[in-house]
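# What the coordinates show
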Amino acid sequence: AQSVTQLDSHVSVSEGTPVLLRCNYSSSYSPSLFWYVQHPNKGLQLLLKYTSAATLVKGINGFEAEFKKSETSFHLTKPSAHMSDAAEYFCVVTLGGGNKLTFGTGTQLKVEL
Amino acid sequence: AAGVIQSPRHLIKEKRETATLKCYPIPRHDTVYWYQQGPGQDPQFLISFYEKMQSDKGSIPDRFSAQQFSDYHSELNMSSLELGDSALYFCASSLGLEREASYNEQFFGPGTRLTVL
């Protein structure tokens, strides 16, 4: 079985300050982990993915995440938030190609002036 | 680049009616996945197909059925619709099952918003 836990349902930051969205995973096997972003009334866009290569993964729009096996974590970070980053972020786990994605419950990121 | 196409984008139905959602994967992608996202919820996996055969099944109600056709497009058929079926239905496609250690990324369509009145 596999699952992800997003530790914060809502995160609010000021524009220009760092972003940290937390995710812990549980998997019986070596997982593949992802972060997806969903803007209001939009589809799901892949931010970045970890598939057992480098543990520090860089994604689009300045986001990055670090896979820490000892902590079973895959937190998403960005050095400086932008207003356009306001959206819902999902941490996702899968056992591998061809397998279903299991989503976390999401973190709503709010960016204030 | 071509993306996943879903139709219709919006659909309004009455209770107990039927609905058919269509998904056209990215060209050469042979695997299709369906997800349901209720209001304020995270997407939940429904069902997937690889090479026209069902490859995995999730929390899909018995009232729903799906299939993948020879051109790899997929249809999700929903009967006896209930108010609780109102949701955003996503289709995703990928290129085949895992053959190497790397993951075959799932590309999502824009979704079909189904409203049941």
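Residues numbered from 1 in each chain as written. Chains lettered and ligands numbered in written order. Predicted model: local features only at pLDDT ≥ 70, side-chain atom pairs only at ≥ 80, totals over all residues. Heavy atoms only, no water.

Let us now look at the sheet that holds strand β3 (residues 19-24) of chain B. Residue and element names in this part refer to chain B. The strand order β1-β3-β8-β7 describes an open sheet built from 4 strands, whose pairing is antiparallel. One side of each edge strand has no neighbouring strand; the edge strands of this open sheet are β1 (5-7) and β7 (64-68). Strand-to-strand twist across the sheet, computed as the mean angle between neighbouring axes with direction ignored, equals 15°. As defined by bridge partners, β1 adjoins β3 across 3 bridges and the pair is classed as antiparallel. (Pairing = 2+ DSSP bridges. Helix = DSSP H or I, 4+ residues; strand = E, 2+ residues; numbered from the N terminus. Axes fitted to C-alpha atoms, helices over the stretch in contact; angles between N-to-C directions.)

Okay, the environment of Leu95 of chain B next. Residue and element names in this part refer to chain B. Here Leu95 shows up in the loop between β9 (87-94) and β10 (107-108). In this structure the C-alpha to C-alpha distance between Leu95 and Ile26, which are 69 residues apart in sequence, comes to 8.8 Å. In contact with Leu95, not counting residues within four places along its chain, are Arg28, His29, Asp30 and Asn104. (Contact = heavy atoms within 4.5 Å.)

This next bit is on the state of the cysteines. As enumerated under the stated definition, the model contains 2 disulfides over all chains in all. Sulfur-sulfur distance for the disulfide between Cys23 of chain A and Cys91 of chain A comes to 2.0 Å. Negative torsions about the S-S bond denote left-handed disulfides, and the value of about -65° found for Cys23 of chain A with Cys91 of chain A makes this one left-handed. Here Cys23 of chain A, found in strand β4 (residues 23-27), pairs with Cys91 of chain A, found in strand β10 (residues 87-94); they are 68 residues apart in sequence, far enough to count as distant. With relative accessibility at 0%, the residue Cys91 of chain A sits in the buried group. What pairs with Cys23 of chain B in a disulfide is Cys91 of chain B, and their sulfur atoms sit 1.7 Å apart. Measuring handedness by torsion sign, the sulfur bridge of Cys23 of chain B and Cys91 of chain B sits at about -55° and is left-handed. Of the two residues, Cys23 of chain B is situated in strand β3 and Cys91 of chain B in strand β9; the sequence distance between them amounts to 68 residues. Both residues of the pair, Cys23 of chain B and Cys91 of chain B, belong to the buried class. (Disulfide = S-S within 2.5 Å. Buried < 20%, exposed > 50% of the residue type's maximum accessible area, 1.4 Å probe, protein only.)

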